[in-house]
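Structural features, examined
Here's the letter readout for the chains.
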Amino acid sequence: MNRRRFLQNLAVATAGLGTLAADATAPRHEAGAPRPAVADATEFVPAYVERPDIEGHTLICEFEYAGKTWGAYEDLRTREGAITLLGPDGTGRVLTKSAEASFATANPPYLGLGLREIGLSGPDLLADRLLRNGDPDPAEVESAAPPWGSAAHEREYFRLSWDTFVGTKECFDTMPVFPPGNTRTYHPIQYFAELTEEAARNRYDGLLGGWMPAARKVMPISANAYYEVLIFGDVEARDKFIVQTWHRTAKIENGKIVKAVYGYSYPAYPPRREPPKPAEFYRGLLVFADYWDRQLRDAAPAKLPDNRWIDMSRHAFAKELMVRPGGVYPKYGAVDRDYYGSEYDGFQDIFTSAVYTNLEWGRFDQAQRIIDNYFTSFVDAKGVNNMRGPETAQFGLTLFLLARYFQYTGDAALLLKHREKIQATASLLTDLHDESLRLPHGDIGYGMIHGWCESDSCLAPNPEMWWLPYFSNSAFAARGLKEIAPVWRAIHRTKPDTNAGALASDWQRRSAMLREAVVASVRKNVRRDMNPPYIGPFPGTTMTFRESLEKERPSPQRWAHRAYCELLQPDVLPADLANVVIDCMRAYGATTIGVVANVGPARPGWRGILGFISYGYAQMLLRLDRVEEYLLFLHSHGYHDHTRGSWVAGEVSGISGGTALFCIPAQQTIPMLVRWMLALEDSEEDRLYLGKGLPHAWVSSGKPIGIEGAPTRWGRVTFHIAAQPSANRVRATVELERPGSPKQLQVKLRTGSRLRTVTVNGRPAKLGGAHNDTAIFETGHEKHFEVIGEYS
């Protein structure tokens, strides 16, 4: 049997999991409905490896799968040795292991700076230190603050806080995993008395399978011995709310497993409930790996020299599917009432972050399901979301994303299905615009949309205090109305509506008015008497946000972090003003280690990272070619807004080793940043930027970098780049879906060395960009491009 036929048969077997009940090691679950077949299973080929290298690996056991005998091998020679599941034809799955220290290792901490000084400072002292030599050193960024949960003073941490979770797409809940490796129903300490909370303080956390949601915990014993706990959800179980879990707890010494205990969900209850056999565990692991490959089969493939960032991106999609009941219904958090409670389900940030992230990676079916669910169940006939405290700028972002969905997919049917609610969303903004135009011309808010910026505004005794003309409200309305207008005309060509053209024209007119008003108001309100110049989150401020938070109770400048991010992201400010906003944030207390801060009064010993909604700030850094700061944002968010190794992202994370509340929009930040560093669309021009955010070290390493089939509004684009260091040469290739679309490409050849010449398809090309490191060329009627740069 040839390999492809074998894999197709295997995929069919995986899809029809119910046919495996006769296996000696069939699934252990008893509850739940029959398993449905997976659509298009015969077209899906899992990530198998032909003849994987198992030299020196230990055969753990054999197991039956799809009527054939498989072997489970493990490389025990090293702590991060892979598990290989080897099929009968020599083809197998290689599941790598990762582990990152969840305890503080830096000495001195905070790069030698004092935490009191860091908290009180307006300027972002840690960012300044990390950017002193250009591109930040990832290892230095990692050491800039301790990991989550590592603070010595948090003595109750392990009894109170889970630090990761497992689950499946189908289950309506998740299962938390605690630092020593226990869940709420299974406790390894019953079999290994040494796996205490104290032992877990010096643990390493990671994953099994690269990006897959299989938790791994390592507790060292000595240089050659350690305990290892593996936990993952049973993807064959169909319990509606209960996540069934597979467990392996092992003591490994000198390259050998000296004791291993396998578990399934609960402690044994003999003779009816016995511990699973090893063969059952490894069969479940193989099914798990194929299942998760299938869930992410549509994500655009990408490659980086440090593949951690690709794994983090894919892991974010897996977490989203586990968090959303049935993979679709929105949830802001997991496990705890904050933020898994139903009162958060209609939160706009859940919707916008999810749609944006899935679209950028080509997961169109998931984006379609999320949009359909949201507009069916969470948007009323007046265009308002079903949650307290609508956030005004998010309505504009919603329109932008609906336009982006159509540009990427051409799916008019979905937008037509929700036409009335989409029009209501747009008219909500135009009605608010009309209200602003009724103000006196001398009013600071004239022509600027008033409304809440932050959902929590409505919880205060006087929520009207925050009904303000935030710059961000009008900026995002301008962007959203501009993008949805041509889409509205396009989708009504097949289903004529005499009013569609008039609405689109009005939206375009208002977009121009709002953009002009925002730019004029921002320019007028910049305080040039300060160095660097200061701009508040709305017109007319007389104090900085920190001064206001300190002196005004309550402060009208509360939640300034959101207002700044949502002012930058729509990309309506000219470059000089966008730079003013970023410099203001950096200087006056609105960033932490290069990431947007959760803005508050200056406090000695505390400074926080805003894990969610801050991606708009990062995107503007990249647009302005502030690449070093963009890279700092990426690394800081990855190391200091995520748990180490298990990659659980926090809504707001302190930098003193405490804990944070998980929210899924924060988790979806890294996938967006990784996508944009490879491929970023210009907001206005027919232009695509490629390789714009790549570190010097990656490009000059000679290791392959690229993304295949990245979706854009011009079609799918494939981009690869790699240097040839021995020849002082860098080569990039670009493949467009349609010749001449987009009209212009800008390919950054960021080697860190001065480029002498650059050619495109053998012809001399123009060099440009802030550092003269970018090949700029028109695409003409071509679709394939080879860019060669010679550097010194």
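In what follows, the accompanying structure is described. What you see is a predicted model, and the numbers here were worked out from it, not measured in a lab.

When its secondary structure is counted, the protein chain shows 24 helices and 29 strands. Along the three orthogonal principal directions, the C-alpha set of the protein chain runs to about 80 × 60 × 60 Å. Within the protein chain, the fraction of its 792 residues that count as buried is 62%. Considering only intrachain contacts with a sequence separation of at least 6, the fraction spanning at least 24 residues in the protein chain is 68%. When the accessible area of the protein chain is evaluated, it comes to approximately 28,900 Å², of which 50% is carbon and sulfur surface.

Spatially, five strands are ordered E19-E20-E24-E28-E27 in an open sheet, and the strand pairing comes out mixed. Only two strands of the sheet have a single partner each, and these edge strands are strand E19 (679-681) and strand E27 (766-768). When the angles between neighbouring strand axes are averaged without regard to direction, this sheet yields 25 degrees. As judged from the five bridges shared by strand E24 (residues 744-748) and strand E28 (residues 774-778), these two strands associate in the antiparallel manner. Pairing of Lys748 across the sheet is with Thr774, part of E28. Sheet strands in contact with helix H23 (residues 669-678) are E19 and strand E20 (687-690), and its direction is about 85 degrees off that of E19.

For helix H8 (residues 308-323), which comprises 16 residues, the first-to-last C-alpha distance of 22 Å matches the rise-based estimate of 22 Å (1.5 Å per residue) to within 8%. Within H8, 16 of the 16 residues are buried, leaving the element largely enclosed by the surrounding structure.

Now for the sheet that holds strand E3 (residues 68-74). Sheet architecture is open: five strands sit in the order E1-E5-E4-E3-E2, paired in antiparallel fashion. Unpaired on one side and paired on the other, strand E1 (49-50) and strand E2 (58-65) mark the two borders of the sheet. Pairing of E2 with E3 involves seven bridges; the strand directions are antiparallel. Pairing of Glu64 across the sheet is with Thr69, part of E3. Contacting E2, E3, strand E4 (83-86) and strand E5 (91-95), helix H7 (residues 278-295) runs over the sheet at an angle of about 75 degrees to E2.

This part takes up the side chain of Thr733. Mapped onto the elements of the fold, Thr733 is located in strand E23 (residues 729-736). Dropping the residues within four chain positions of it, Thr733 is found in contact with Thr718, Phe719, His720, His784 and Phe785.

Let us now look at the packing of helix H18 (residues 560-568) against helix H19 (residues 575-588). Packed helices, taken two at a time, are described by the angle between their axes plus the distance between the axes. The N-to-C vectors of H18 and H19 enclose an angle of 155 degrees; their axes lie 10 Å apart at closest approach. When the axes of H18 and H19 are compared, the pair comes out roughly antiparallel. You can see that H18 and H19 cross each other, and the crossing is left-handed. Across the interface between the two elements, Tyr564, Leu567 and Leu568 of H18 pack against Ala578, Val581, Ile582, Cys584 and Met585 of H19.

So, on to the packing of aromatic side chains. Ring pairs (aromatic) are described by centroid distance and by the angle formed between their planes. Tallying each qualifying case throughout the model produces 42 aromatic pairs. Ring plane angle 25 degrees and centroid distance 6.3 Å describe the contact between Phe63 and Trp70, whose orientation is recorded as stacked. Residue classification places Phe63 among the buried positions, given a relative accessible area of 1%. Ring centres 6.5 Å apart and planes at 85 degrees place the aromatic pair Trp246 and Phe281 in the edge-to-face group. On the criterion of sequence distance, the pair formed by Trp246 in strand E12 (residues 245-253) and Phe281 in helix H7 is long-range, its members being 35 residues apart. Phe281 shares its class with Trp246; the two are buried. Between Arg79 and the ring centre of Tyr204, over which it is positioned, the NZ or CZ distance is 4.1 Å. Above the ring of Tyr48, the side-chain terminus of Arg93 is found at 5.4 Å from the ring centroid.

Rules used in this analysis
Just so you know, the residues in each chain are numbered from 1, in the order the chain's sequence is written. Per-residue local features are limited, in this predicted model, to residues with pLDDT of at least 70; the limit for side-chain atom pairs, both in listing and counting, is 80 or more; totals at the level of whole chains, interfaces and linings are taken over all residues. Note that the side-chain values use all heavy atoms of the structure and ignore hydrogens as well as water. Elements are defined by DSSP. Helices are runs of H or I of four residues or more, strands are runs of E of two residues or more, and each kind is numbered from the N terminus. Relative accessibility under 20% of the residue-type maximum defines a buried residue, over 50% an exposed one, and the middle range a partly exposed one, all with a 1.4 Å probe and only protein chains included. Contacts between residues were defined by any pair of non-hydrogen atoms, one from each residue, lying within 4.5 Å. Residue-level accessible areas treat just the shown protein chains as cover; the underlying method is Shrake-Rupley with a 1.4 Å probe. When DSSP finds two or more bridges between two strands, those strands count as paired. Here an angle of 0 to 180 degrees is reported between the N-to-C directions of two axes, which are lines fitted to C-alpha atoms, with helices fitted over the stretch in contact. A helix is expected to span 1.5 Å for every residue after the first. By the definition adopted for this analysis, an angle is roughly parallel if under 35 degrees, roughly antiparallel if over 145, roughly perpendicular if from 65 to 115, and oblique otherwise. Each crossing is labelled by how the near helix is turned from the far one, with a counterclockwise turn of less than a right angle marking it left-handed and a clockwise turn marking it right-handed. Stacked, tilted and edge-to-face are the three classes assigned to paired rings of Phe, Tyr and Trp, where Trp is represented by its six-membered ring and a pair needs centres within 6.5 Å; plane angles under 30 degrees give stacked, over 60 edge-to-face, the rest tilted. Two conditions define a charge located above a ring, namely a distance within 6 Å from the ring centre to NZ of Lys or CZ of Arg, and an angle within 35 degrees of the ring normal.

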